[in-house]
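A structural walkthrough
The residues making up each chain are set out below.
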Amino acid sequence: MKHAAGRITRRAAALGMLAACTAPARAAPADACSPKLRVVATTSDLASLAAIVGAGLVQVRTLVLPPMDPESFEPGVRDLALIEDAALVLRVGLGFDFWLDKMLGSQGRSPARWRGAIVDVSSGIPLLEVQGRNPFARDAHAHGIANPHYWLDPRNAATMSGTIAAALAARCPEAGETVRANHARFLAQLDGRISAWSWRLAPWRGAAVLAFHNTWPYFARRFHLNVAGFVEPKEGVTPSAAHVASLLALGRRWNVRAILQTTDEPKKLSQSLAARLGIPLVELAAGVGSVPGTGDYLAFMDHNVNALARALAPAA
Ligand SMILES: [Zn+2]
């Protein structure tokens, strides 16, 4: 995601306000597990997985509430207070939620303050488009280390939920049995859904699509789609006339079947390209809760798979 013109940000609560915030750091409570373990997630997708594996044990808060864009988020005082109060902080990592590092280091806090509390959920994920560049070299979303949109492959949700379950159980050993049971139940549900989603999209195996931003490589690999090009030539860069012409040529050459983007990305250019190529523009959910009917991770993936399958199906 996303193009600057389409982003929803919170400039009023910009980082500058953090420097003015004088609330002292709160000490972690002696019994962080009672009555509920306080978990903060940078995105609603991580929050949903934490709520699933920690059902009955956790109170989960999300820093970037849909439809805000995590890639252009500007944290404020509320967010710092949530983090101060959390026993665990879940992050996407890979530079996606780069602004979290500024929050953790604000007001002269030492990195040791957060030891054991920050969980990078990208741990153990087989990454795509690994480049190894420093994502913090620029103050915006960039795919520096690797493509960070890994939660869009539902198979990765098994690893992600496992990482979160292990962190919850380590923080609250007495809740370990419940967490493991919750996780096992989720994995069984996820397996069934992945089979159903794969079946639903099987008729379009190998189909070429265009995407607005380079959001979909993990989703495309899981469901055997071929992302042939991007409307946005680089993160946040407006397409030139030459780029548009090359997309039209590419779209015809590769028999591109649809343009994918999230509902919060600007659609004027994508609409015009789709009309000229005679293909649908498919607007998908950016994350859990970003459109109605996507209240948890499984419902979110259901929504996107079904929306894509409907758009690709030939008109009756
Ligand atoms: Zn991105």
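Treat the numbers as computed from the prediction; the structure is a model and nothing was measured.

Calculation rules
- Along each chain, the written sequence defines residue order, and numbers are assigned to residues from 1.
- For this predicted model, a pLDDT threshold of at least 70 governs which residues receive local features, and a threshold of 80 or more governs which side-chain atom pairs are given and counted, while totals over whole chains, interfaces and linings are taken from all residues.
- Only hydrogens and water are set aside when side-chain values are computed; all heavy atoms of the structure are taken into account.
- When a carboxyl oxygen of Asp or Glu lies within 4 Å of a side-chain nitrogen of Lys or Arg, that pair is called a salt bridge.
- For the exposure calls, accessible area comes from a 1.4 Å probe over protein chains only, and a residue counts as buried if that area is under 20% of its type's maximum, exposed if over 50%, partly exposed in between.
- Secondary structure elements follow DSSP: runs of H or I of four or more residues count as helices, runs of E of two or more count as strands, with numbering from the N terminus.
- Axis definition: a line fit to C-alpha positions, over the contact stretch in the case of helices; interaxial angles, taken between N-to-C directions, run 0 to 180 degrees.
- The labels follow the angle: roughly parallel below 35 degrees, roughly antiparallel above 145, roughly perpendicular from 65 to 115, and oblique for the rest.
- We call two residues contacting when some pair of their heavy atoms lies within 4.5 Å.
- In the scheme used here, Gly and all other residues not listed as nonpolar or charged are polar, with Ala, Val, Leu, Ile, Met, Phe, Trp, Tyr, Cys and Pro taken as nonpolar and Asp, Glu, Lys and Arg as charged.
- Should the near helix be turned anticlockwise from the far one by less than a right angle, the crossing is left-handed, and should it be turned clockwise, the crossing is right-handed.
- Among buried residues, those of type Ala, Val, Leu, Ile, Met, Phe, Trp, Tyr and Cys that are joined through side-chain atoms within 4.5 Å constitute a nonpolar core.
- For every domain, the bounds stem from an assignment made automatically or drawn from a database.

Summed over all chains, the structure comprises 9 salt bridges. Put simply, Asp-97 and Arg-91 hold a salt bridge, and the shortest N to O gap is 3.4 Å. We classify Asp-97 as buried; its relative accessible area is 0%. Take Arg-91: its relative accessible area is 9%, and that puts it in the buried class. For Asp-302, the salt bridge goes to Arg-193, with nearest N and O atoms at 2.7 Å. With a gap of 109 residues between them, Asp-302 in helix H10 (residues 297-312) and Arg-193 in helix H6 (residues 176-201) connect regions that are remote in the sequence. Accessibility expressed as a relative area gives 24% for Asp-302, which makes it partly exposed. Here Arg-193 falls in the partly exposed class, since its relative accessible area comes to 30%. Each of the salt bridges in this network shares a partner with another, and the network as a whole consists of Arg-91, Asp-97 and Asp-101.

Turning our eyes to something else, we now look at the packing of H6 against H10. With their axes 10 Å apart at the nearest point, H6 and H10 run at an angle of 5 degrees to one another. Considered as vectors, H6 and H10 are oriented roughly parallel to each other. Counted together, Phe-186, Gln-189, Leu-190, Arg-193, Trp-197, Arg-200 and Leu-201 of H6 and Tyr-297, Leu-298, Met-301, Asp-302, Val-305, Asn-306, Leu-308, Ala-309 and Arg-310 of H10 form the full contact between these two elements. Classifying every residue of the contact of H6 with H10 by side-chain character gives 10 nonpolar, 2 polar and 4 charged.

Here we take up the packing of helix H8 (residues 241-253) against helix H9 (residues 268-277). Two elements in contact, H8 and H9, have axes whose closest approach is 10 Å; the angle formed by their N-to-C orientations is 40 degrees. Here H8 lies oblique to H9, going by the angle between them. When the axes of H8 and H9 are compared, the crossing they make is right-handed. When H8 is examined against H9, the residues Val-244, Leu-247, Leu-248, Gly-251 and Arg-252 are found in contact with a partner set consisting of Leu-269, Leu-273, Arg-276 and Leu-277.

Of all hydrophobic cores here, the largest spans 64 residues; its most connected members are Leu-37, Leu-90, Leu-168, Phe-219 and Tyr-297. Ranked by residues supplied to this core, first place goes to H10 with 9 residues. Shared between two domains, this core takes at least three residues from each, and those domains are domain 1 (4-194) and domain 2 (195-312). Those residues within four positions of Tyr-297 in sequence are excluded, and the remaining contacts are Ser-48, Leu-49, Trp-151, Asp-153, Pro-154, Ala-157, Phe-186, Leu-190 and Val-288. Judged by nonpolar contacts, the second largest core, of 16 residues, contains Leu-63, Val-64, Val-89 and Met-103.

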